[in-house]
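Examination of the molecular architecture
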Amino acid sequence: MENPSVLLHGPHEAYVEDRPIPVLNEVNDVIIRVAYVGVCGSDVRFWNNGGHLSKVKDPLVMGHEAAGIVHAVGSNVTNISVGDRVALEPGIPCRKCRDCKMGRYHICHKMVFAASPPYPGTLTKFFASSADFCYKIPDVMPLQHAVLIEPIAVAVHGVQLAGVHFGSKVVVFGAGTVGIFCSAVAKNFGAALVLSVDILEHKLAFAREVIGTDIGRTAMPDSSLTPEENARLLMEAHGLDYGADIVIDASGAEASINTGIFLLRSGGTYVQVGMGRRNVQFPISEVCDREIVVRGSFRYGAGDFDTAMGLVGRGSINLEPFITKVFPFEKAIDAWKATARGEGIKNVIEAPRD
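Now for a look at the structure at hand. (Residues numbered from 1 in each chain as written. Predicted model: local features only at pLDDT ≥ 70, side-chain atom pairs only at ≥ 80, totals over all residues. Heavy atoms only, no water.)

1. Quick look at the overall build of the chain
Looking only at helices and strands, the chain features 11 helices and 18 strands. Here the chain has a C-alpha radius of gyration of 20 Å; the compact-globule value for 354 residues is 20 Å, and the two agree. C-alpha extents for the chain along the principal axes are approximately 60 × 40 × 40 Å. For the chain, contacts bridging at least 24 residues in sequence account for 67% of all contacts bridging at least 6. When the accessible area of the chain is evaluated, it comes to approximately 16100 Å², of which 51% is carbon and sulfur surface. (Helix = DSSP H or I, 4+ residues; strand = E, 2+ residues; numbered from the N terminus. Rg over C-alpha atoms; globule rule 2.2 N^0.38 Å. Contact = heavy atoms within 4.5 Å. Areas by Shrake-Rupley, 256 points an atom, 1.4 Å probe, with all protein chains shown as cover.)

Structural data, given as structure tokens:
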């Protein structure tokens, strides 16, 4: 095969197939020889529901968290060279619309995002991108670690939208990859307290390992109680007399969303990072009565990848513990299934070598 790729044909139906090697269509284009692809929760959802393939006729190349080696560059490319090791920002905006010109390219309506139908993903041998969306990684960083720059950028975006600063008391719901990175970024932004909340003890144990116990704390809600009751218990247990300054939900779970709103102080800020059901029950009166600021956080925007690279480059976030298992390319489905079962923190798929 010239360009082996993992293609999703429908729910629970994916195969390794050949695809043409991409070409340099623009002077600023690059072609990346993919090395590793991280497994995201969206990959699992696509595997289970077909990845919205009803909107398109063709099967979909999966994957969007990727790192690799520059294979070819367009004639105008100066920031990277053939052979450079890079992390990929997997979405290319139009650069011309109102949102792009206002610096909010991540919500561009013409965004070409990897593995978002009909655009092919990164679970392939060769992937075409744009040079300004490729980030050189330090020589000491393993390529398999570089796939984590993408979820760190998600966390950076959410934490910056929340306005975390020195002294902030922050609660993060969900201790998966993005949730723990939100906690880690909040700590590095100066938070005085970072409370990680999850329903699984092994995830909370990992949060304690990564965030530490100086300002980091963990808690497991009681599923038999109402969100308001859980919020009150969390406030009492962690000295949040007036509530948290900031709540970030990285779970998408309705119970977490509601508990988070009740946990906030008056005038506090709530940021939704996690993707769950499209419609949930939501205590809107609490938002009005206490002037809570509610913000949505979508992927990452201007400067977020650079900030993520900086945090990792200076050693503020250690990526080594996050990689649970590396799966061979032909076992991509096993990686998705393992992630769906909640095994580990970040499973990674190795791209074809030959």
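2. Concerning the packing of helix α1 (residues 41-49) against helix α11 (residues 332-340)
Angle between the axes and distance between the axes are the two parameters that describe a pair of packed helices. Orientation of α1 relative to α11, taken along the N-to-C sense of each, is 105 degrees, at an axis distance of 9 Å. Put simply, α1 runs roughly perpendicular to α11. For the pair α1 and α11, the contacting residues are D43, V44 and W47 in the first and I333, W336, K337, T339 and A340 in the second. Taken together, the residues of the contact of α1 with α11 break down into 5 nonpolar, 1 polar and 2 charged. (Axes fitted to C-alpha atoms, helices over the stretch in contact; angles between N-to-C directions. Parallel < 35°, antiparallel > 145°, perpendicular 65-115°, else oblique. Nonpolar A, V, L, I, M, F, W, Y, C, P; charged D, E, K, R; others polar.)

3. Overview of the side chain of T177
Relative to the helices and strands, T177 is located in helix α5 (residues 177-188). Once residues within four sequence positions are removed from consideration, T177 is found in contact with L148, P151, I345 and K346.

4. Section: the environment of N258
By the secondary structure assignment, N258 is in helix α8 (residues 254-263). Between the C-alpha atoms of N258 and C182, which are 76 residues apart in sequence, the distance is 19 Å. Leave out the neighbours within four places in its chain, and N258 touches P227, Q281, F282 and P283. There is a polar contact of 2.8 Å between the side chain of N258 and the backbone oxygen of E254. (Polar contact = N/O pair within 3.5 Å; in protein donor to acceptor, adjacent residues only side chain to side chain.)

5. A word on helix α4 (residues 149-162)
In a regular helix each residue adds 1.5 Å, so 14 residues correspond to 20 Å; α4 covers 20 Å between its end C-alpha atoms and thus fits that length. Of all the 14 residues making up α4, 13 are buried; the element is thus mostly covered by neighbouring parts of the structure. Count one or two residues on from α4 and you reach G163, which has phi positive near 75 degrees. (Expected span 1.5 Å × (residues − 1). Buried < 20%, exposed > 50% of the residue type's maximum accessible area, 1.4 Å probe, protein only.)

6. Comments concerning the pattern of salt bridges
Working definition: two side chains of opposite charge can pair if their charged atoms are close together. The final tally for this structure, using the stated rule, is 11 salt bridges. Here R208 and E201 are joined by a salt bridge, their closest N and O atoms 2.5 Å apart. By relative accessible area, which is 40% here, E201 ends up partly exposed. (Salt bridge = Lys/Arg side-chain N within 4 Å of Asp/Glu carboxyl O.)

7. Things to note about helix α6 (residues 201-211)
Of all the residues in α6, the buried ones are K203, L204, F206, A207 and I211. The buried residues of α6 occupy an angular sector of 160 degrees when projected down its axis, which confines them to one face. Looking at the packing, one finds that the buried side of α6 touches α5, β12 (193-197) and β13 (216-219). G212 sits one or two residues past α6 and shows a positive phi near 85 degrees. (Arc of directions from axis to C-beta.)

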